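Summary of structural features
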Amino acid sequence: MLSTAMVMAAATSVHAQDVTDDDEVITTGTFIQGARVNEALPVTVVTSEDLQSIGSLDGEDLIRSLPSNGAVEFNGSNNVTPNNARGDVASINLRSIGSSGTLVLLNGRRVVNHPGTQAELSTPVTTVNTNALPVGGVRRMEVFNDGASAIYGSDAVAGVVNMILKDNYEGLSFSARTGFAENTGLDESSITVTGGKDFEGGKTNVSFFAEYSKRDGQMASEQDFTAAADLRPFVVGTSFEGDTSFDNRTTGSPWGQFTLRTTSRTRVRQDGTTLTTSSGRFHIQPTSFSGCRGTAVGNLADLGLCIDDSSLDRDLRFNDDFDKSIVSDRDRVNLFAFVNRDLDNGVRHYSELGFYYAETQPINSSSSPLGSGDIVIPANYYYNPFGPVRFSDGSLNPNRLPGLTNVPDEGLPVFVDSGRFRLDDVGTRNVNVVNKSFRALTGFKGDFGDSGWDWDTALLWNHAETDDITSNRVSSTLFQQALFNETPNVYNIFNGGNQSNPSFGDAPGNDRSLIDPFIISVERLTTSTLLLADFKVTNGAAFSLPGGPVGLASGMEIRRESYTEDRDDRLDGTITYTNAVTGAVSDSDVVNSTGTPDSEGSRTVVAIFGEASVPLVSPGMNIPLVDTFDLQLAARYEDYSDFGGSGIKPRVAAAWKPFDALKLRGAWSKGFRAPNLLVINQAVGRSNFREDSAFCEAGVQNGTFAEFGDCIGFSNSTLERREVADDIGPEDARNITFGGVFEPRGLSGGLSFLNNLTVTVDRWDIKRENVVGVFGATNQINLDLVLRLNGSSNPNVVRLAPNVDDIAFFQGTAFEANPFGAIDFTRDTYDNNETQRVKGIDYAVYYDLDGTPLGDFGFKFNATQMTDYFIGLSPGSILIREAIDSGLISDDISISQEGDIVGINGQPEWQANASVRWRTDSGFGAGARYSYTGDFIEEGPGLDPDGNPFVVQDVGLTNLYAQYSFDRKGVFDNTRFRVGVNNAFDVKPPLADENFGYFNEYHSSRGRYFYFDVSKRF
């Protein structure tokens, strides 16, 4: 990853170096500023110097550098489908509980969710776009590492990230930066201007910052491990050598795999030679490949092609990674302005206005149909080898194979076999994504005279929109219309692929004039809006106890959340696709995309909250081993217009200081997260390739496969229908955190070197109940297998009636008496069906060594260990687990999305970073950072011959930089030059059986990255 170790400030306070005279020190996690208990809150502070030293332009890299952050599920590499959030987008995932479990604030108030959504564990989630946060204008970032629903409300289950901007600024500063990744085309540059001025003798301040960045992206073809979908060469010499699990080439190939709707009794033959399987399957291949059936004529013979009666050969599978972008081209603008004015009546008026714009151009591979109904080739299609003897004008068909039996004179239509075809000569799908957001806030704060009570109120409007347009898509209707052509002036499906490189390209391909008539662009326009008003009162000393003054805070918040999703007319059912051969109607008229209806939703949330800081023991009380003891008490209630109340969510935190050098802290809190508006308001269908485990089990029983893991041919594009349950409700959480801070100060003699040391250790435990999710299509299909072996079936797996071949396949198996057909679709419901338990430990060490002959040094270390992560088994999962344990079904079947997942499938046990900083009075400085991501098992490849799983190896990356700051009169006064290199040792991401060969949620393919920046303050 570009960013490595984030330099962290001490977990108890904001570093003084980051606070100017005009700053109001705000501690995230409380509304009562200045209370003694705040010193023990588990808040990590990242200063502006830390942010600059990362050497990155993106909020994503800042978030990735937090050891407490899990997989970044929303990221710029996920550009494959318009159902993903694409473009300049990234998410945050504290404690790995999901992209929607962390609350993000900007200057202490909420940020609108990114309008783009995507599925995690088959459930749509929403998130704040961290790339839209103005990195160049951030004064500091505070991370509250504990549940905070009692303070801030919904979404603050894992914690809170608060970006505090540079408002109230005076002066003018300028910075510019450029960087590039070695051996690729990736380069980036940016310019940032920050300015401000006081007026009316300091009563009014107007300030702004503006940032523009431009990036030229990186293609998968630029590096060997990202260019190859077949990863088997990278496991040569390991125990997984030759394992076909690492061959991720797709059967969606220009060679094509097709089906004739025949049976074993009407199987097509040529002069007695069968040309298809018993179910009518065949594919096109070069004559140089073995297995050619019959004699080719016309188009096939001219191109050196033939028909084979089997599934597509492995060497004809397609490498669809090569043409994709990994890092997209991007232009981005961030603008913010602030006005702060002290009125004559003692009230301060504050306001902010922000604008964000980003345009990205991801590139995706060419189109391949999702299912067998997407492309049906008419019988009279000119190049159909099973077409009519004569065309409608009486001319002889030169492409019909001679000597055919079971093919009528008028020919047979040909079906693409479950999406196993690719229109590669159409070219890549070119995406243009424009993200915009607008933020406007105005507020007032003041006090109630000499009462000690302060008040603060504000009105916020935050709007975001995404316009996602993909060009060079294919209309199903227009494509099929083009195929109803009895002349050679038509797109040739049966021209195969690139014979010199069968896994890539389409040579000779079709002329563009034959392609353009069915090309379309597809648009997805989404918006999200947040309208918020709040009012709160605080008093840091409402009354006194023997231990000190008691602080109180209370308030209310009203917010209106809404979203709209306007899908393209060819996807939302406005323009449907009626198959002219079969008469079937689809709500999608776009090849490779499932139909999705337009949707919208809104809700109003009313919240009330209260908080108290209670000092029970003070130093003056002279209680042995209790220098101070303080409590934080808080509670919040939220009422939602669409599903009701959250219930009262409390928080109790305690801080005990036995003596000056040691603080012990702990907290217990309840939290909640509301189901997002998309879950509540949108029912969708999604097509994904799923293995039909029941047919695989039958194949083992009838001897087709030696063992379950050998099953091939029964993974098909499966429609999954998902909708919300009627009784959907909020998710509930319980957080427990306890630990300590060791911070010696005032030591003399031989121990004085410890005076600048801070060590923190915190244990955290999150239990979530009623988590919104689905059982999952794979689990539904496997449950269907278990139930059918026990004489029943799963009603959520809807199957077609068995055909003759299905009945024959089940002979001699447990399913012989009750045969069934292929899966038509699966059903799933979004409901509160899941429990989670996540535990871990945070470690931090900070040490400053100043005033040495060599200069000032700073060392910082942060680590997070995830010790437990268990997703509770649902009743259906328990049945599957019992069937596996009893031997009823194969242990090659696993329960997806459930069970103990620490160290499995993208959940590393350890993440850590460390940094060293050096500064001198002469102006020279340097720094080094090291980040570490632990290993984890990837279950996809299965086990090696010795029964061992595949392990995605751990990885460590090093960042280096050097700088010189001028502090003398002249043109370079207040100027700093910095040169740096991220991933200095050019460490490649560890191999994984994933797209592009690595886990992009944790790792990066960018390699060694050099940058140079200059900044000047006038």
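Structure report, in brief. (Residues numbered from 1 in each chain as written. Predicted model: local features only at pLDDT ≥ 70, side-chain atom pairs only at ≥ 80, totals over all residues. Heavy atoms only, no water.)

Of note, arginine 267 is situated in the loop between β12 (257-259) and β13 (269-270). Buried charged residue arginine 267 carries no salt bridge. Nearest counter-charge: aspartate 309, at 4.0 Å. Ignoring anything within four residues of it in the chain, the contact list for arginine 267 reads Thr262, Thr274, Thr276, Thr277, Ser278, Asp309, Thr405 and Asn406. (Helix = DSSP H or I, 4+ residues; strand = E, 2+ residues; numbered from the N terminus. Buried < 20%, exposed > 50% of the residue type's maximum accessible area, 1.4 Å probe, protein only. Lys, Arg positive; Asp, Glu negative; His and termini not counted. Salt bridge = Lys/Arg side-chain N within 4 Å of Asp/Glu carboxyl O. Contact = heavy atoms within 4.5 Å.)

What follows is about a negative patch on the surface. On the surface, a cluster of negative charge is contributed by Glu523, Asp566, Asp569, Asp598 and Glu600. For glutamate 523, the position within the fold is in strand β27 (residues 519-545). Relative accessible area serves as the criterion here: at 31%, glutamate 523 is assigned to the partly exposed category. (Patch = residues over 30% accessible without salt bridge, like charges linked within 9 Å, V, L, I, M, F, W, Y side chains within 5 Å. Areas by Shrake-Rupley, 256 points an atom, 1.4 Å probe, with all protein chains shown as cover. Charge placed at Lys NZ, Arg CZ, Asp CG, Glu CD.)

Spatially, the five strands line up as an open sheet ordered β1-β6-β7-β2-β3, and their pairing is mixed. Lying at the two open borders of the sheet, with one neighbouring strand each, are β1 (43-47) and β3 (109-110). The pairing of strand β2 (residues 102-106) with β3 spans two bridges and is antiparallel. Counterpart to leucine 106 in the pairing with β3 is arginine 109. (Pairing = 2+ DSSP bridges.)

Glancing now at the pairing of strand β42 (residues 855-871). Bridge count for strand β41 (residues 823-852) against β42 is 15 bridges, and the pairing is antiparallel. Note that in β42 the partner of aspartate 848 across the bridge is glycine 858. The loop that links β41 with its antiparallel partner β42 comprises two residues. Here ten bridges tie β42 to strand β44 (residues 910-919), and the two strands are oriented antiparallel to one another. Bridge pairing links glycine 858 to arginine 917 in β44. Bridge count for β42 against strand β43 (residues 899-900) is two bridges, and the pairing is antiparallel. What sits directly across from isoleucine 871, in β43, is glycine 899.

As a further point, take the packing of helix α10 (residues 777-789) against helix α12 (residues 875-886). In the contact formed by α10 and α12, the axes pass within 9 Å of each other and the chain directions differ by 55 degrees. Put simply, α10 runs oblique to α12. Once α10 is placed against α12, the crossing between them reads as left-handed. The segment α10 lies against α12, with Asn779, Asn782, Leu783, Val786 and Leu787 engaging Gly876, Ser877, Leu879, Ile880 and Ala883. Here the residues of the contact of α10 with α12 sort into six nonpolar, four polar and no charged. (Axes fitted to C-alpha atoms, helices over the stretch in contact; angles between N-to-C directions. Parallel < 35°, antiparallel > 145°, perpendicular 65-115°, else oblique. Left-handed = near helix turned anticlockwise from the far one by under 90°. Nonpolar A, V, L, I, M, F, W, Y, C, P; charged D, E, K, R; others polar.)

A few words now on the packing of aromatic side chains. One pass over the structure, following the stated rule, counts 44 aromatic pairs. Ring centres 5.7 Å apart and planes at 15 degrees place the aromatic pair phenylalanine 209 and phenylalanine 336 in the stacked group. Note that phenylalanine 209 is positioned in strand β10 (residues 204-216) and phenylalanine 336 in strand β19 (residues 329-342), a separation of 127 residues in sequence. Note on phenylalanine 336: relative accessible area 6%, which makes it buried. Summarising the aromatic geometry, the rings of phenylalanine 936 and phenylalanine 999 are spaced 5.0 Å apart at their centres and angled 90 degrees between planes, so their arrangement reads as edge-to-face. With phenylalanine 936 in strand β46 (residues 936-943) and phenylalanine 999 in the loop between β49 (975-982) and β50 (1009-1017), this pair connects stretches of sequence that are 63 residues apart. Of the two residues, phenylalanine 936 and phenylalanine 999, neither departs from the other in class, the shared state being buried. These aromatic residues form a ring-pair network of at least three members: Phe258, Phe282, Tyr381, Tyr382, Tyr383, Phe386, Phe391, Phe421 and Phe494. Positioned over the ring face of tryptophan 764 is arginine 95, at 4.2 Å from the centre of the ring. It is arginine 788 that lies over the ring of phenylalanine 820; its NZ or CZ is 4.3 Å from the centre. (Phe/Tyr/Trp six-rings, centres within 6.5 Å; stacked < 30°, edge-to-face > 60°. Lys NZ or Arg CZ within 6 Å of the ring centre and 35° of its normal.)

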